[in-house]
Amino acid sequence: MTATHSTRMLILGSGPAGLSAAIYAARAGMAPIVLQGIQPGGQLTITTDVENYPGFADVIQGPWLMEQMQRQAEHVGARMMWDTIVEVDFSKRPFRLIGDSGTVYEGDTVVIATGAQARWLGLPSELKLQGKGVSACATCDGFFYRGKKVAVIGGGNTAVEEAIYMTNHSPDVTLIHRRDSLRAEKILQDRLFAHPRIKVLWNKEVAEFVGGGDPEGLVALSLRDTVTGEVSSLDVDGGFVAIGHSPATDLFRGHIALDSDGYIAVEPGSTRTSVAGVFACGDVMDKVYRQAVTAAGTGCMAALDAERFLAHADFEAKATAAA
């Protein structure tokens, strides 16, 4: 027989957003179920040093932080389910979701916290050196490269913004772009070209991230000219891949409104989506900040929005029954 689990709140995703929503929902008596998905703990589980999450004077480890969040959520009453949702039905309440195990989940409300993944170049050397000089978040990791030479790879708004941001820490920033012009907004390009600490290498792509030292870390980039094919080398201590993010929203297409970039659209100042009773939080709806602390904040918002929705729905139901 197919198992069915019912709850006042279903939470899809177990990163900082999903677990924060779970903590607030559990404390409000909603007995939430958290569906962990294919990457329990979210992106912080593949992040080593975390130095910018409030409340910790010393550097902490991403996996440890997520373990603590999960334990806290479970302690106050959230239930963790190890399943991946493959089908959703938001046409009526309770909402109905089906896992790849065949298990059915029903929720009076749903909180979507499935996150977004940074796009990578797909090089074996990139994977090998992630967290060892190769990063996809200058805001997260730039502090570790104070006074060092760094490169940012990309040509859109994200890449230009990260190159400008890195000048707060590095005296030598190189932007590497595979074309001869940038896609970024003109005002950002003007700021980039005017900055004395930034130089741009045009028509170059990264062929390899070169490691060295003991312990091994990034020491150089092997670059290939996209016009001539010529190979050159650039000595760097840090390389930031800034070619965009992909929100995990494929499952929801046709069921809920998405914006032009594929992120879940929410009402300004809230986590409410186009479907009453469905809420979105974290990187799946935030393409601007993408930080653990902002994800946790919107997770709190989603739980509070859902609690208010249920209170109103319950009141309306009782009023209708009494009429």
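Here's what I pulled together on the structure shown here.

Rules used in this analysis
Residues numbered from 1 in each chain as written. Predicted model: local features only at pLDDT ≥ 70, side-chain atom pairs only at ≥ 80, totals over all residues. Heavy atoms only, no water. Core = buried A, V, L, I, M, F, W, Y, C linked by side-chain atoms within 4.5 Å. Buried < 20%, exposed > 50% of the residue type's maximum accessible area, 1.4 Å probe, protein only. Helix = DSSP H or I, 4+ residues; strand = E, 2+ residues; numbered from the N terminus. Phe/Tyr/Trp six-rings, centres within 6.5 Å; stacked < 30°, edge-to-face > 60°. Lys NZ or Arg CZ within 6 Å of the ring centre and 35° of its normal. Pairing = 2+ DSSP bridges. Axes fitted to C-alpha atoms, helices over the stretch in contact; angles between N-to-C directions. Left-handed = near helix turned anticlockwise from the far one by under 90°. Contact = heavy atoms within 4.5 Å. Nonpolar A, V, L, I, M, F, W, Y, C, P; charged D, E, K, R; others polar. Arc of directions from axis to C-beta. Disulfide = S-S within 2.5 Å. Salt bridge = Lys/Arg side-chain N within 4 Å of Asp/Glu carboxyl O.

## Considering the nonpolar core
In this structure, M9, I11, L19, A73 and V111 are the most contacted members of the largest nonpolar core, which totals 31 residues. Looking at which element gives the most residues to this core, the answer is helix α1 (residues 16-27), with 7 residues. With 21 residues, the next largest nonpolar core counts F90, I112, V278 and V284 among its residues.

## Some remarks on the packing of aromatic side chains
If you walk through the whole model with that rule in mind, you get 7 aromatic pairs. Pairing F56 with W64 gives two aromatic rings, centres 5.7 Å apart and planes at 85°, and the pair type is edge-to-face. Seen from their ring centres, F90 and F95 are 5.7 Å apart, and the 85° between their planes marks the pair as edge-to-face. Each of the two residues, F90 as well as F95, counts as buried. Counting every residue linked through ring pairs, the aromatic cluster contains F90, F95 and F252. When the ring centre of F143 is taken as origin, the NZ or CZ atom of R146, which lies over that ring, is 3.8 Å away.

## Re the sheet that holds strand β16 (residues 231-235)
Strands sit in the order β14-β15-β16 across an open sheet of 3 strands; the sheet is antiparallel. Only two strands of the sheet have a single partner each, and these edge strands are β14 (204-212) and β16. The average angle at which neighbouring strand axes cross in this sheet is 30°, direction not considered. As paired elements, β14 and strand β15 (residues 217-225) share 8 bridges and run antiparallel to each other.

## As for the sheet that holds strand β11 (residues 149-153)
As a general point, the strands of a sheet are linked pairwise by backbone hydrogen bonds and lie either parallel or antiparallel. Strand order in the open sheet made by the 5 strands is β10-β17-β11-β12-β13, with parallel pairing throughout. Each end of this open sheet is capped by a strand with a single partner; those strands are β10 (134-135) and β13 (198-201). Two strands pair when backbone bridges link them, and β10 and strand β17 (residues 238-241) are joined in this way by 2 bridges, in the parallel orientation. Paired with S135 across the two strands is F240, which belongs to β17.

## Overview of the packing of α1 against helix α7 (residues 292-322)
Two elements in contact, α1 and α7, have axes separated by 7 Å at closest approach and are oriented at 35°. α7 is crossed by α1, and the crossing has right-handed handedness. On α7, the residues that touch P16, A17, S20, A21, Y24 and A25 of α1 are A292, A295, A296, G299, C300, A303 and L304. Of the residues contributing to the contact of α1 with α7, the split by class is 11 nonpolar, 2 polar and no charged.

## A few points about helix α6 (residues 186-194)
What α6 keeps buried is the set L188, Q189 and L192. In a view along the axis of α6, the buried residues occupy a sector of 100°, so they form one face of it. Residues of α6 that are exposed and point over 90 degrees away from its buried face: K186, I187 and A194.

## A look at the state of the cysteines
Across all of its chains, the model carries 1 disulfide by this definition. Each disulfide pairs two cysteine sulfurs, and for C137 the partner residue is C140, the sulfurs being separated by 2.2 Å. Sign of the S-S torsion, about 70° for the bond between C137 and C140, identifies this disulfide as right-handed. Residue classification places C140 among the partly exposed positions, given a relative accessible area of 29%. The thiol of C300 is unpaired, and the distance to the nearest cysteine sulfur, on C281, comes to 10 Å. A relative accessible area of 17% places C300 in the buried class.

## With respect to the pattern of salt bridges
Evaluation of the coordinates by the stated rule reveals 12 salt bridges. For R224, the salt bridge identified is with E205, shortest N-O distance 3.1 Å. Taken together, the positions of R224 in strand β15 and E205 in strand β14 put the pair 19 residues apart, joining distant regions of the chain. By relative accessible area, which is 34% here, R224 ends up partly exposed. On the basis of relative accessibility, which here comes to 29%, the residue E205 falls in the partly exposed class. The salt bridge involving R272 is made with E267; its shortest N-O contact spans 3.1 Å. Salt bridges here are not isolated pairs; linked through shared partners, they connect R8, D108 and D314.

## What to know about the side chain of Q291
Along the polypeptide, Q291 turns up in the loop between β19 (278-280) and α7. Residue Q291 is classed as buried on the basis of its relative accessible area, which comes to 15%. Those residues in contact with Q291, other than ones at most four positions away along the chain, are N52, C137, T139, C140 and D283.

## Topic: the side chain of S222
Along the chain, S222 falls in strand β15. On the basis of relative accessibility, which here comes to 16%, the residue S222 falls in the buried class. Ignoring anything within four residues of it in the chain, the contact list for S222 reads E205, V206, A207, E208, V210, V231 and S232.

In short, shape yes, function no, at least from these values alone.
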